[in-house]
Amino acid sequence: MAMTQQKAHLIKGDRHMFSSSDDSVLMKQILATHSPDGRDVDARPLLNIVEDVLKRATPTIVVAPHAQVEMVEDKIHQNGAGLVGMLEALAFTIHRISCEVTCKCTGGGEPHATTVAVFNTLSSYSWDAKVVMALAAFAVSYGEFWLTAQLHTVNPLAKSVAALKQLPEILEHSEVLKPRLDALNTLIKAMLDVTKCIIAIKELPAEYITPDTQSMTIAMTHIPTAVYWTIRSVVACASQIIGLIGIGHEYIASTTEVWELSSLAHKVNNIHEHLLKQLNLCHQHIAEKKHVEAYQTLVRLFETVHIDNIKILRALIYSKDDLPLLDGLTKRRVNVDVLRRKIVILFISDLDISNEEVYVLAQIYNDTQQGKLERNYEVVWLPVTDRGEWTEAKQDAFNRNVALMPWYSLYHPSLLDPAVIKYIRDVWHFDKRPLLVVLDPQGKVVCPNAIHMMWIWGSLAYPFSSNREEALWKDETWRLEFLVDEIDPMILSWVKEGRFVCLYGGEDIAWIRRFTTVMKRVAQEARIALELIYVGKSNPNQRVRRVVNTIAEENLSGYWQDLAMMWFFWIRLESMWHSKMQHGRTIENDPIMQEVMTMLSFDGSDEGWALISRGSTEIVKSHGKKIVDCLNEYDNWKESVELEGFLPALGNALLPYQTHEHCTRLILPGNTGKLPMETVVCAECKRPMEKYILYRCCTD
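Here the structure is a predicted model, which is why all the values come from computation and not from measurement.

**Let's talk about the sheet that holds strand E10 (residues 558-559)**
Here is step 1: Across the sheet, which stays open at both edges, the five strands sit in the order E10-E9-E8-E11-E12 with mixed pairing between neighbours. Two strands in the sheet have a free side with no partner beyond their single neighbour: E10 and strand E12 (618-623).
Here is step 2: Of the strand pairs in this sheet, strand E11 (residues 609-614) and E12 are connected by six bridges, and their pairing is antiparallel. The residue bridging Ser613 from the neighbouring strand is Ile619, located in E12.
Here is step 3: On top of the sheet, helix H20 (residues 509-525) reaches strand E8 (500-505), strand E9 (530-534) and E11; it is set at about 170° to E9, its chief contact.

This is how it looks when you write it as structure tokens:
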């Protein structure tokens, strides 16, 4: 009867304090006990052991005894002599608290008064040390209690102790006690969660977050309250364990006891939510500071001279993972050291890369390896992705790209630090379009984007520096071999044979029929060997594929069946434009630039176009309607063919068809890097073109 009255008194007192106490008044009393003397307690390893005890003592968790011993020994071993020394220093205080709580709870002490007594005992310690030591004191009694209860059937000593405490009755009443034990376990978990949060806040790096930071200030304000209610919960849990001793057959299940524990758990969980919110804000603040620091470090590294490229590469692609790269040939993970003192080309893109881009770049990469030149450079793919959820679709896209790439790739996009992504966007101006940033063996950027020279000259652009690009342009002239390159080797053989070659494009099948018909007729009348090749549009799509099918079915001309050949033809022209613009060239001071602009304006128009050439440099070109009209009037200028030759005669015949009324459109993809010029001059009338922004989705 006395035991029942004692438990009723504990419950009544706890309910009264929990429901009616004013936290502000209460906390003034608690703060008055706080007088730390500067002693340092490493709370984390102590909490690890406490958590181990509390979890393993829980009746719902069954672990083999030898596994328990091994894991605890591992925890102590991992923390070394420091933990052993700390436990020796704290053992007496922890034991004292355990005895104090047990005695006061057994004697019917009021919960708040018992809690304050614990705070007085721990007055010299920091907040995190207070809470973890109080938990340790509870873990000792809680662990001893359940150890005896669990072993009493197999260990004679435990059986005798259990008999004295009447612990076997607990197992007999296990079903009746289940709600109470479940509530107890829920509260213990909440206490552990709050304690972990408090220690995590204490461990935040001072170099990245200061006490006057708003999130840190709020968190520190909440901690005393969190410590109070956690220790208050320790007292409540200890009371419940004491109440289980000697319950005998008089035990009657009480929903009030469960409600008290659940109410405390609700209170502590709310405190944990507030603390966790502030902790997350602190982590966000730290991440931002680290982000700025990492970005500034990257800037400084690129401004510094190095003996090799490893520091730069580790800053760009090195992470906590020692093997951040995937070898494209072996598909094995490797360290960045494989790139030491090599020219490294950073292939920067998002996950949405066209197969054509990867295919052509891979062909250039492999040709260099198999050709006369030994490949003294390596390519590394850095996939730039947003920081959103990593989905299965993204993983599939990443895997598809990696499977096509013979070079090194980042093992996973998440290994690319946000500061690196910011540098790539801000300094190297990455925005959707792929970049090839070239680093020399010392890690210095020798070309901010070599993709243009890679498309134009392939492996001949080695070592892919801006100086090499300038030198290649000095030796270049506008000729059919340069325009076609090795996209179609047959065309190059026709040039050597002296044949006339006509390249034409557009999507208007009606115009294509008219043009090919009249072109063939004129070639026959002029007795010239002519080869007609359809080269499509810069964005070969289903419409272009339908045109190719019609050309094939009606035998209108030759054509490039592989749309990748069309894509590469036009991407080379775009690359020529970008490359020339980067070097400050215009149509006024560069004849190649003028020819490139004309070709691109052909592609930007709705009508067809044609370019006719013989040999390397004898070239005539025109918009579709003009050349068809001119060819239809062949009888009027055919006499000039015998005197001047076919192409000079055609060029002169086209002059009357040139009018001042024209609309030239230059449609280019977004700039890959900043261009030094804002003004673009029309290739026909040489006047500045108006600037518009065109957004185009490749829909059919």
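Structure shown, so let's carry the discussion forward.
**Some words on the sheet that holds strand E3 (residues 343-349)**
Here is step 1: As summarised here, the arrangement of the seven strands in space is E2-E1-E5-E4-E3-E6-E7, forming an open sheet in which the pairing is mixed. Every interior strand has two partners, whereas the edge strands, strand E2 (333-334) and strand E7 (445-447), have only one.

**Notes on a nonpolar patch on the surface**
Here is step 1: On the surface, a cluster of nonpolar side chains totalling about 280 Å² of accessible area is made up of Leu147, Leu151 and Val154.
Here is step 2: Mapped onto the elements, Val154 comes out in the loop between helix H6 (127-151) and helix H7 (156-165).
Here is step 3: A relative accessible area of 65% means that Val154 is categorised as exposed.

**Quick notes on the pairing of strand E6 (residues 435-439)**
Here is step 1: By the criterion of burial, E6 is predominantly enclosed, with five of the five residues buried.
Here is step 2: Going residue by residue along E6, you find Leu435, Val437 and Leu439 tucked away on one face and Leu436 and Val438 tucked away on the opposite face as well.
Here is step 3: Sheet topology places E3 next to E6; five bridges connect them, and they run antiparallel. When the sheet's bridge partners are listed, Phe347 is paired in E6 with Leu436.
Here is step 4: Sheet topology places E6 next to E7; two bridges connect them, and they run antiparallel. Looking at E7, one finds that Val438 is bridged to Cys447.
Here is step 5: Here E6 folds back onto E7, and the loop between the two strands holds five residues, one of which, Gly443, carries a positive phi near 85°.

Rules used throughout
Residues numbered from 1 in each chain as written. Predicted model: local features only at pLDDT ≥ 70, side-chain atom pairs only at ≥ 80, totals over all residues. Heavy atoms only, no water. Pairing = 2+ DSSP bridges. Helix = DSSP H or I, 4+ residues; strand = E, 2+ residues; numbered from the N terminus. Contact = heavy atoms within 4.5 Å. Axes fitted to C-alpha atoms, helices over the stretch in contact; angles between N-to-C directions. Patch = residues over 30% accessible without salt bridge, like charges linked within 9 Å, V, L, I, M, F, W, Y side chains within 5 Å. Areas by Shrake-Rupley, 256 points an atom, 1.4 Å probe, with all protein chains shown as cover. Salt bridge = Lys/Arg side-chain N within 4 Å of Asp/Glu carboxyl O. Buried < 20%, exposed > 50% of the residue type's maximum accessible area, 1.4 Å probe, protein only.

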